[in-house]
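Coordinates in review
Each chain, written out:
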Amino acid sequence: MSMLEGAKKQLEAAYKYADINSETWEKLQYPDKIVQVSLPMRHDDGTMRVYKAYRCQYNNVLGPYKGGIRFHPSVSREHVESLAFWMTFKNAVIDVPFGGAKGGITVDAPTLSNREIERLSKGYIDLLSDNIGPDIDIPAPDMYTNERVMSFMFHEYKKIRGGHPLGVVTGKPIAIGGIEGRPSATGYGGFYSMSFLLEKFGYKLKLPSKKRLKIAVQGFGQVGYWFAERLQREGYKVVALSNIYGAVYDEKGLNVTAARLHLDENDHKVWGQGTEITNEELLELDVDILVPAAIENVLTKDNADKIKAKIVLELANGPTTYEADQIMTDKGILIVPDILANSGGVTVSYFEWLQNRNAIRKNYEDVQKELKGMMEKATEEVMRRHLEYSVSPRTAAYMLALERIGEADAVYGNKDYFSIR
Ligand code: NAD
């Protein structure tokens, strides 16, 4: 089953509980629009190569399309469609006024120079500027894109459109309208969701006390690092960490900040502590909480039976396949779904967009307070449905999203809503 088929099946599980119109349901089966363009880019050595680039706008019932842009070899038409699909429901769960989108370029970004990344980023906007805009579709960083890429994209869009359209992309540097706390937003958002869940519902899971909880984090990029850093600061024990080159384990707990420094000094390949293990072994460790924060499809039907964690907090998008989701849920593992757990990034992007539109600046403390409040509210709403309907938190999250999208679509999309009776 493909990633997209799996995602749609997960949505289907929620349809029977959600009070939505069959016309809205039919619309949600298809993306509104997918654009594919061919992007010629001249390399530093003078050679030219054409890259495939995409933007998928899945649904905009709740507001302008919103979603990241990734530069990665796995980017394809179906891949961005799956990611845009998830964005649609994620934005609805966390209750930001956005629809769902995603884009990307099929490219191995680390092999390119800074100047090549600049040309690629600007070329993307040259080809797609008609499709984006502060009220139309607002890109943001994703895998292998960052605030520099957003800055290139903003400047290119400004050059084409004129004015000062700061709200066209989020995740910008602070000096040009970016917001305090964006780099840590997804990791910290995941932390707020997890700690609220432990505090309010932890008793149901029979977990050890905070200090004795064992947590493993896969992925040490923007999301995984900030999540682990926050865990350490709040007194939790991180027993395993990993990146693309491998993983490290110490039952007594790892020093997250020392790991960051050591990796930076050693080409991201040496952790400087603990025992080296593989990424596969990390997933199967005997821990209380497992946090996939790297890439898709790491929990599959081949390893689902071996997962020992009691909670899986999905900070990556789509880390659990449809089949693995069924196996792990049947085993009693509580999976906090990606469309809830990693929604902190888009939440702070929303604050940035608001700040740009209103020509104001939010401070770091306000960002954290509001992020925490929104993550806790969404977690509470998902968990309430999970308990009330005896469905998985994933189904509960899709139920909540469908209710919100369904209500908005009924107001302006349904043929019967305004009929005179
Ligand atoms: P990143 O590129 O900063 O970091 C990715 C990390 O995963 C790196 O440590 C990398 O070495 C590791 N990795 C890559 N391939 C791997 C593999 N095959 N096995 C193990 N580790 C691997 O990316 P990020 O921004 O941290 O995003 C991570 C995940 O979170 C992605 O699924 C992304 O879509 C999702 N996400 C990110 C944000 C955000 O704000 N950055 C928001 C929502 C969801």
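Residues numbered from 1 in each chain as written. Predicted model: local features only at pLDDT ≥ 70, side-chain atom pairs only at ≥ 80, totals over all residues. Heavy atoms only, no water.

Side note on the overall build of the chain
For the record, the criterion: Only DSSP runs of H or I reaching four residues or more are called helices, and only runs of E reaching two or more are called strands; each is numbered from the N terminus. Put simply, the radius of gyration uses C-alpha atoms, and a globule should come to 2.2 Å times the residue count raised to 0.38. Remark: exposure states derive from per-residue accessible area (1.4 Å probe, protein chains only) relative to the maximum for the residue type, with buried under 20%, exposed over 50%, and partly exposed in between. We get accessible surface area from the Shrake-Rupley algorithm with a probe of 1.4 Å; when it comes to residues, only the shown protein chains can shield them. Only four residue types enter the charge count, namely Lys and Arg as positive and Asp and Glu as negative; His and the chain termini do not. Charge placement uses NZ in Lys and CZ in Arg. For Asp and Glu, CG and CD serve respectively.
Each helix and strand counted, the chain has 14 helices and 12 strands in total. The C-alpha atoms of the chain give 21 Å as radius of gyration, which agrees with the globular expectation for 421 residues (22 Å, within 12%). C-alpha extents for the chain along the principal axes are approximately 70 × 55 × 45 Å. Out of the 421 residues in the chain, the part that is buried amounts to 59%. On the chain, roughly 17700 Å² of surface is accessible, and the fraction owed to carbon and sulfur atoms is 49%. Taken together, the 53 basic and 56 acidic charged side chains of the chain have centroids lying 2 Å from each other.

What about empty space enclosed by the protein?
Rules: With a 1 Å grid laid over protein atoms only, a set of points is called a cavity when a 1.4 Å probe fits there but cannot get out and a pocket when it is open yet has protein on both sides within 12 Å along at least five of seven lines; lining residues have an atom within 4 Å of a point. Grid points are joined across faces, edges and corners, and a volume is the space filled by probe spheres set on the points.
Applying the stated criterion to the full structure yields 1 cavity of 30 Å³ or more. Considered as a void within the structure, the largest cavity measures approximately 30 Å³ in volume. Along the walls of the largest cavity sit Asp 325, Thr 329, Ile 333, Ile 335, Ser 392, Pro 393 and Arg 394, which together make up its complete lining. Contributing elements (two or more residues each) for the lining of the largest cavity: helix H10 (322-330) and helix H14 (393-413).

A word on unusual backbone geometry
Notably, Tyr 144 is not glycine yet its phi reads approximately 60°, a positive angle. Relative to the helices and strands, Tyr 144 resides in the loop between strand S5 (137-141) and helix H5 (147-161). On the basis of relative accessible area, Tyr 144 is assigned to the partly exposed category, the value being 43%. Phi at Asn 297 takes a positive value of approximately 50°, unusual for a residue other than glycine. With respect to the helices, strands and loops of the structure, Asn 297 is situated in the loop between strand S10 (289-292) and strand S11 (311-313). Under the relative-accessibility criterion, Asn 297 is labelled partly exposed at 37%.

Description of the site of the ligand
Cut-off, in case you're wondering: What makes a residue near a molecule or strand is one non-hydrogen atom of that residue sitting within 4 Å of it. A 3.5 Å cut-off defines polar contacts: any pair of N or O atoms within that distance qualifies, except that in protein one atom must be a possible hydrogen donor and the other a possible acceptor, and neighbouring residues in sequence count only when both atoms are side-chain atoms. Residue type decides the class: Asp, Glu, Lys and Arg count as charged, Ala, Val, Leu, Ile, Met, Phe, Trp, Tyr, Cys and Pro as nonpolar, and the leftover types, Gly among them, as polar.
Contacts to the ligand come from 22 residues, most closely from Arg 70, Thr 186, Val 223, Ile 244 and Asn 317. In this structure, Arg 182 approaches the ligand through a side-chain N or O atom, which is 3.4 Å from an oxygen atom. At a separation of 2.9 Å, an oxygen atom of the ligand approaches a polar backbone atom of Phe 220. Contact with the protein chains removes 86% of the 830 Å² of surface that the ligand exposes when unbound. Along the lines of polarity and charge, the residues of the shell around the ligand split into 10 nonpolar, 8 polar and 4 charged.

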